[in-house]
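Here is what each chain is made of, one letter per residue.
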Amino acid sequence: MRIRTFEEYQTAYRHSVEDPEGFWAEVAQEFKWHKPWKKVLDWNFSTPDIKWFVGGKTNITENALDRHLRELGNHPAIIWEPNDPSEPSVTLTYKMLHDQVCRFANVLKRNGVVKGDRVCIYLPMVPEAAIAILACARIGAVHSVVFGGFSAQSLTDRIIDSNCKVIVTSDGAARGNKNIPMKDTVDDALIACPSVKKVIVLTHTRTAISMIKGRDVWWESEMKQVTSDCPPEVMDSEDPLFILYTSGSTGKPKGVVHSTGGYMVYSAYTFQNVFQYEQDQVFFCTADVGWITGHSYIVYGPLLSGATSLMFEGIPTYPDAGRFWDIVDRHKVDILYTAPTAIRSLMGFGLKYVEGKDLSSLKVLGSVGEPINEEAWNWYNEHIGKGKCPIVDTWWQTETGGILISPIAGVTKTKPTYATLPLPGVQPILVDESGKEIEGNGVSGNLCIKYPWPSIIRTTWGDHERCRQTYFSTYPNLYFTGDGCLRDEDGYYRITGRVDDVLNVSGHRIGTAEVENAINMHSDVIESAVVGYPHDIKGQGIYAFVICENTLDDEDLSRRDILATVTRIIGPIAKPDKIQFVRGLPKTRSGKIMRRILRKIAEGDTSNLGDTTTLLDPSVVDDIKDGAL
Ligand code: WT7
C-alpha cells in the first residue's frame, strides 16, 4: 500500500490503470471486512451507477478505532488545541476516543436515531465534532455536517433537503475574540424544520441559551445515561456514509453523497501516501470539519491510519499571526496541511511572527483548496519548510472524496503551482469544449476523469438526476470536474481554476447564482449579477453588480443592507467584497447576462471587452465602466 520511491509510484500507477480491480482489492485487504466483496467494481458513468467492493460488509469506525486498540490504544488519536492559547490542550487516545464514540453512538440511539437516519452536525472545531461524526458511522446513521459559519437559513435548507431527525450542536463557538451563538442559530433554523425531533447540545462556551423541553437535551447528561458498549453496525460497502453540501453553478447547494467502503479505502490510502505519514507523527490539518478536507484529512484518513490528528479550534490570526507556528512549535507538528489563502494572509504580516518559533519538527507541507501562486509557494517553502520540506499541492473536490492529483511527499519532484501527477487509480484527461480529448503534453483544456476511483461521488441526495446532469452529462462517459487545467511538457498538471460559475473565495466554494439569489432577496433589488475577480489574499473576491428599484439616498447604507441580507441568507463567507449599483446589466437579445464582460470590468480591465454588438443595449456597458447609474 505504501509508495516509497518514484519507481514504486510508476509501478503502482501502471498496475492501477491496467488492473484497477486487482490494484484496489489489494489495498482494501488491509481493512477489516465482515464479509468480503463479490466484485471489486461495478460502474457506468451514464446513469451514473458506481459501486465499489460490491457486497462487502464493514464498519468504518471499526477500522478507524477498534482495529488500532490493541497496539495503539494509548497513542494519541486527537490532539485538540483550543481557541484560547492559555487554555490547556486536550489529548484523546484511541482508547478514549473509542469510548466516547461508543457512548455518543448510544446517545444517538437513545434519542431515536436508527441506521439510515440523517443526523445534522453543527459544531465548532472541538473533539466532539469528530466524536459525533464517528458515532453516526458507528450505528449506520448518515451524517451531514454543516460548517458553523453558515446562517440559520442555510442550515434550514440543508436539514430539510436531507430530512434530518436529530441535530448535534453546542451552546456557542469561540473563534478569535468572538463568541459565535451556535444554538441560537439552530433555534432559528429549526422554526422551519419539523423533521428534527431532538437537539443534542454540547456545553462549550457556557453561553446562556434556550433549552426546549422534550426537544433539547444536553450532551453531558446524555453521556452519563449510557454505557460505552456499542457494537459497530455492519454496513454494506455502498451504504451512504455521509452527505456534504457544496455549491454548484446553479441553484441551491447539493448534497454530495459518499458511501462507506470506497471512501474508507481511498481516504486512508491517499492520507498515507500523499503525506508519507509515519507512526507517531503529528498531523495538523487546519481545515474545518465542516468541509470535505476536514472529513477526509482530520477525521477519517488519519484515524483509519492510526495517526495523531491535531484539531485546532481557532483562527490563524488569534491571538496573533504567529498562531499556526506556535502550534507547530508546541505540539512538534510533523505535517502541516493548510490553504493558500492562509499562507498569503500570514505572509502579509511579515516574518516577525515566524521568527523565534521552532519549526524544525516539520517534515511535509500540504496545500489545498485553490491554486497556490508562486509567491506563496516560495514563502511557504523557504520560511516554513526552511527549504527542506516537500510541498504537496493537492488537488481534489468535495465530490472526489479524497486527493486525486498531487505529489507524493519526497517521492514526486515538485514544481511550484503544479499539483503534478495523478495518484494511482486516477485517470485524468483534458478535453476541449466539444468533448474531444486533447492528447499530448504542453496543452490545456477542461479536466475530466475517465475511470472511477473508490471515493467518487455516488449521487446527490434526493436527486440522482442532478448528479448525472452536473457531473456526467457535459462530456459523455466522463466525470467532469468543472476545472480548467494545463498539462505541461513533463506531463505535470496545473489546475487553473473553475470554468463554470463557481467561485473560490478563501478556499470556500460559492456559487454565483446562490449569491445573486441572496442579494435579490433584498426588497430594493431588482436584479443582480455576481462575478469573481482576482484578490491578493482570498484568491478570488466577490463582485456584485446590482440594479435597485429606487434611486438610492445613501449608497453606502444600501450596500451594508445588502451585505446584511447575504449574511442572513447564506452566511458571512458569501458577502460581496464590492457592490456596484448599475442601471442595467449587459444582456444578449435572448436575455442572457454576458458575464465575460462583467468579469473584465471587475478585474479592472476595460480596455478590451471583446464583441459587445450582440448586446441588447450596448450603452449599459459604458455606463458600468464609467460607474454611472
Ligand atoms: C475546487 C473544489 C479539495 C478540498 C477543498 C476544496 C479548487 C482544490 C486545489 C488545488 C487548484 C484547487 C478546484 C476544485 N481546488 N484544490 N490544489 N489547486 N485548485 O473542495 O470546496 O469542493 O472545491 O477547489 O477549483 O474544483 P471544494
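Residues numbered from 1 in each chain as written. Predicted model: local features only at pLDDT ≥ 70, side-chain atom pairs only at ≥ 80, totals over all residues. Heavy atoms only, no water.

Moving on: the side chain of Gln-580. One can find Gln-580 in strand β30 (residues 578-581). The exposure class of Gln-580 is buried, given its relative accessible area of 12%. Polar side-chain contacts of Gln-580 include one of 2.9 Å to the backbone oxygen of Ile-624. Once you skip the residues sitting within four places of it in the chain, Gln-580 turns out to touch Tyr-543, Ala-544, Phe-545, Val-546, Ile-624 and Gly-627. (Helix = DSSP H or I, 4+ residues; strand = E, 2+ residues; numbered from the N terminus. Buried < 20%, exposed > 50% of the residue type's maximum accessible area, 1.4 Å probe, protein only. Polar contact = N/O pair within 3.5 Å; in protein donor to acceptor, adjacent residues only side chain to side chain. Contact = heavy atoms within 4.5 Å.)

Pairing within the open sheet is mixed, and its seven strands lie in the order β5-β4-β17-β16-β18-β19-β20. In the strand order of this sheet, the two ends are held by β5 (90-93) and β20 (391-394), each with one partner. Adjacent strand axes in the sheet meet at a mean angle of 20 degrees when their direction is disregarded. Relative to strand β17 (residues 308-312), strand β16 (residues 282-285) is paired through three bridges, and the arrangement is parallel. Paired with Phe-283 across the two strands is Ser-309, which belongs to β17. In this fold helix α4 (residues 94-110) packs onto β4 (76-81) and β5, with an angle of close to 85 degrees to the strand it touches most, β5. Most of the contacts of helix α10 (residues 292-304) go to β16, to which it runs at about 165 degrees, and overall it touches β4, β16, β17, β18 (335-338) and β19 (364-368). (Pairing = 2+ DSSP bridges. Axes fitted to C-alpha atoms, helices over the stretch in contact; angles between N-to-C directions.)

This next bit is on the packing of aromatic side chains. As enumerated under the stated definition, the model contains 43 aromatic pairs in all. Ring centres of Trp-24 and Trp-52 lie 6.5 Å apart, and the angle between their planes is 80 degrees; this geometry places the pair in the edge-to-face category. Of this pair, Trp-24 sits in helix α2 (residues 20-28) while Trp-52 sits in strand β2 (residues 49-54), and the two are 28 residues apart along the sequence. Assessed through its relative accessible area of 0%, Trp-52 is described here as buried. Relative to Tyr-263, the ring of Phe-242 lies with its centre 5.0 Å away and its plane at 85 degrees, an arrangement referred to as edge-to-face. Pair noted here: Phe-242 is in strand β14 (residues 240-246) and Tyr-263 is in helix α9 (residues 260-275), with a separation of 21 residues, a long-range link. For Tyr-263, a relative accessible area of 0% puts it in the buried group. Of the aromatic side chains, those joined through ring pairs into one cluster are Phe-23, Trp-24, Trp-33, Trp-37, Trp-52, Phe-53, Tyr-266 and Tyr-269. Against the face of Tyr-418 rests Lys-415, its NZ or CZ located 5.0 Å from the ring centre. (Phe/Tyr/Trp six-rings, centres within 6.5 Å; stacked < 30°, edge-to-face > 60°. Lys NZ or Arg CZ within 6 Å of the ring centre and 35° of its normal.)

Moving on, we get to the pairing of strand β11 (residues 198-202). Of all the five residues making up β11, four are buried; the element is thus mostly covered by neighbouring parts of the structure. Bridge count between strand β8 (residues 166-170) and β11: five bridges; the pairing is parallel. Following the sheet pairing, Ile-167 is matched in β11 by Val-199. Bridge analysis of β11 against strand β12 (residues 216-218) gives three bridges, and the strand direction is parallel. Paired with Val-199 across the two strands is Asp-216, which belongs to β12.

In this structure, Trp-24, Leu-97, Phe-104, Leu-108, Val-168, Phe-275 and Tyr-300 are the most contacted members of the largest nonpolar core, which totals 123 residues. Residue contributions to this core peak at 10 residues, all from helix α5 (residues 127-139). When neighbours within four sequence positions are excluded, Phe-104 is seen to be in contact with Ile-131, Ala-132, Ala-135, Val-168, Ile-200, Trp-219 and Met-223. Of all hydrophobic cores here, the second largest spans 42 residues; its members include Ala-152, Leu-155, Val-196 and Ile-519. (Core = buried A, V, L, I, M, F, W, Y, C linked by side-chain atoms within 4.5 Å.)

Here we come to the sheet that holds strand β25 (residues 493-498). Reading across from one edge, β21-β22-β24-β25 is the order of the four strands in this open sheet, with antiparallel pairing throughout. The open sheet has two edge strands, β21 (428-431) and β25, and neither has a second partner. The mean angle between the axes of side-by-side strands here comes to 45 degrees, regardless of whether they run parallel or antiparallel. Pairing between β21 and strand β22 (residues 443-449): four bridges, direction antiparallel. Looking across to β22, one finds that Ile-429 is bridged to Cys-448.

By nearness alone, 17 residues border the ligand, and Asp-393, Thr-394, Thr-398, Asp-483 and Arg-509 come closest of all. Between the ligand and Thr-394 there is a distance of 2.8 Å, counted from a nitrogen atom to a backbone nitrogen or oxygen. The side chain of Thr-398 places a nitrogen or oxygen atom 2.6 Å from an oxygen atom of the ligand. In isolation the ligand offers 550 Å² of accessible surface; the protein chains occlude 95% of this area. (Near = heavy atom within 4 Å. Areas by Shrake-Rupley, 256 points an atom, 1.4 Å probe, with all protein chains shown as cover.)

Our next topic: the domain arrangement of the chain. Quoted interface sizes are often the accessible area lost when the parts come together. According to the domain assignment, the chain consists of domain 1 (59-262) and domain 2 (506-627). Taken residue by residue, the interface counts 13 residues in domain 1 and 12 residues in domain 2. For the interface between domain 1 and domain 2, the tally reads eight residue pairs in polar contact (both at pLDDT 80 or more). Residues of the side of domain 1 that touches domain 2, tallied by class, amount to three nonpolar, 10 polar and no charged. (Domains from an automatic or database assignment. Nonpolar A, V, L, I, M, F, W, Y, C, P; charged D, E, K, R; others polar.)

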